[in-house]
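# Descriptive analysis of the structure
What follows is the residue order along each chain.
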Amino acid sequence: VVVLLLFLCCLNPAAAGKLLVIPMEGSHWLSMKEVLTELSKRGHEIVVIAPDSNMLRDSSGKHELKTYPTSFKKEEMEELMHSFSATCFSEEPFLTRFLNTWNQFQKSSSIFQASCSSLLYNKEMMKYIEESKFDAVFTDPLTPCGQIIALHFSIPTVFFLRGIPCAIDIHAAQSPDPPSYVPRVFSLNTDHMTFSQRVKNFLLSISESFTCSMIFSSFESLASDFLQKPMTITQLLSHGSVWLKRTDFVFDYPMPIMPNMIFIGGINCAQKKPLSQ
C-alpha cells in the first residue's frame, strides 16, 4: 500500500492543453466546431488560424481566431462550394459528373494551395506558432497545410475528416485496402461484385493514383520545398497520430482499420432539427 501511494504521488494530474486548429472551409468546419466547443468546456486553450477570406469561422468565447492575408476573395470560395453542392446532386452521365468533379478538385486545390502557401511563408504567423508551444495540431487532412506545420515544428497531429479521395487516408495509416473487395468511388459497385466488376474496380484503383497525384501535386511541391525534403501526400499524412473519422460502417462498407483510427460518425447529427411534415 505504501509503495502504491508513493507511486500515485509521482503522477501528474490531468491538465488542459494548448491546441492549434487549422480547419477546412464549408461544412467541414461545422462538425469541427462542435468538438472545439466541448474541448473549450474542459479547459483547453484553442487557437484557430484561418485565411482572412474565411466563410464561416468567427471569433468566440470558445476559441481565439487569428487570420492571415490571402490572394483570393471570399466570393471565390463561396462560388466553389455552391458548384460542389450542385455536382453532388447532379443526375448527369458518369463521364460528365467525373469531369465536373475533376475540374472542381483542380480549382479547389489551387485555392487551398495558395492559402497554405500564404500561411507557411507568413513570418509573423510562423513565429507566433513556434513561440506558442502548442501541444497538438487539430486539422482536416483534405488540405494538408496543418500537417506541414505540425511536421515543421514537431507537433503531434489529430486528424478530423470524413475521407480523402483515392483512399489516401487509408494508405497513409497503412490499413489494408484490397481493390478486389473494397468498392471504388464512381464504380457504383457493392461489396458483392462479379468477376468483371472486380476487374473494373481494380482498374479504377490504378487510375486513382494518377488522378490524385495530379490533384495534390501542388501540395506535394509546397511541402517538399518548405520541409526541404521530398514528400508525397501519403508520406506527409502518415505522420498523423490519431485519425478521427466522421463516418461509420452504417455509411461505408466495412473495411480493416488501424488502432489509431476512431469512428465518430454520430457527430454529424450533433445539430439536428425536426423535419417538417
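On a predicted model such as this, the values are computed, not experimentally measured, just so you know.

### What to know about the pattern of salt bridges
- Counting across every chain of the model gives 5 salt bridges.
- Among the ionic pairs, K66 bridges to E64, the shortest N-O distance being 3.4 Å.
- The residue K245 makes a salt bridge to D169 at a minimum N-O spacing of 2.7 Å. Of this pair, K245 sits in strand β6 (residues 242-245) while D169 sits in helix α7 (residues 168-172), and the two are 76 residues apart along the sequence.
- The buried category is assigned to K245, whose relative accessible area is 6%.

### Some words on the nonpolar core
- Grouped together as the largest cluster of nonpolar side chains are 51 residues, with contacts concentrated most on L119, I129 and I149.
- A total of 6 residues in this core trace back to one element, the largest contributor, which is helix α4 (residues 94-120).
- Every residue in contact with I149, bar those within four places of it in the chain, is listed here: L20, I22, L119, L120, M126 and I129.

### Some words on unusual backbone geometry
- Look at S154: it is not a glycine, yet its phi comes out positive at around 55 degrees.
- Looking at the element boundaries, S154 is found in the loop between α6 (145-153) and β5 (157-161).
- You will see that Q174, though not glycine, has its phi angle at about 65 degrees, which is positive.
- Locating Q174 in the fold gives a position in the loop between α7 and α8 (195-215).

What counts, and at which threshold
Each chain carries its own residue numbering, running from 1 in the written order of its sequence. Two thresholds apply to this predicted model, a pLDDT of at least 70 for residue-level local features and 80 or more for giving and counting side-chain atom pairs, whereas whole-chain, interface and lining totals are computed over all residues. Neither water nor hydrogens contribute to the side-chain values; these are computed over all heavy atoms in the structure. The term salt bridge refers to a pairing of a side-chain nitrogen on Lys or Arg with a carboxyl oxygen on Asp or Glu at a separation within 4 Å. Strands are runs of DSSP state E lasting at least 2 residues, helices are runs of H or I lasting at least 4, and numbering of each runs from the N terminus. Only protein chains enter the accessibility calculation, which uses a 1.4 Å probe; a residue whose area is less than 20% of its type maximum is buried, one above 50% is exposed, and one in between is partly exposed. Residues belong to a common nonpolar core when they are buried Ala, Val, Leu, Ile, Met, Phe, Trp, Tyr or Cys residues joined through side-chain atoms within 4.5 Å. The contact criterion used throughout is that any non-hydrogen atoms of two residues lie within 4.5 Å.

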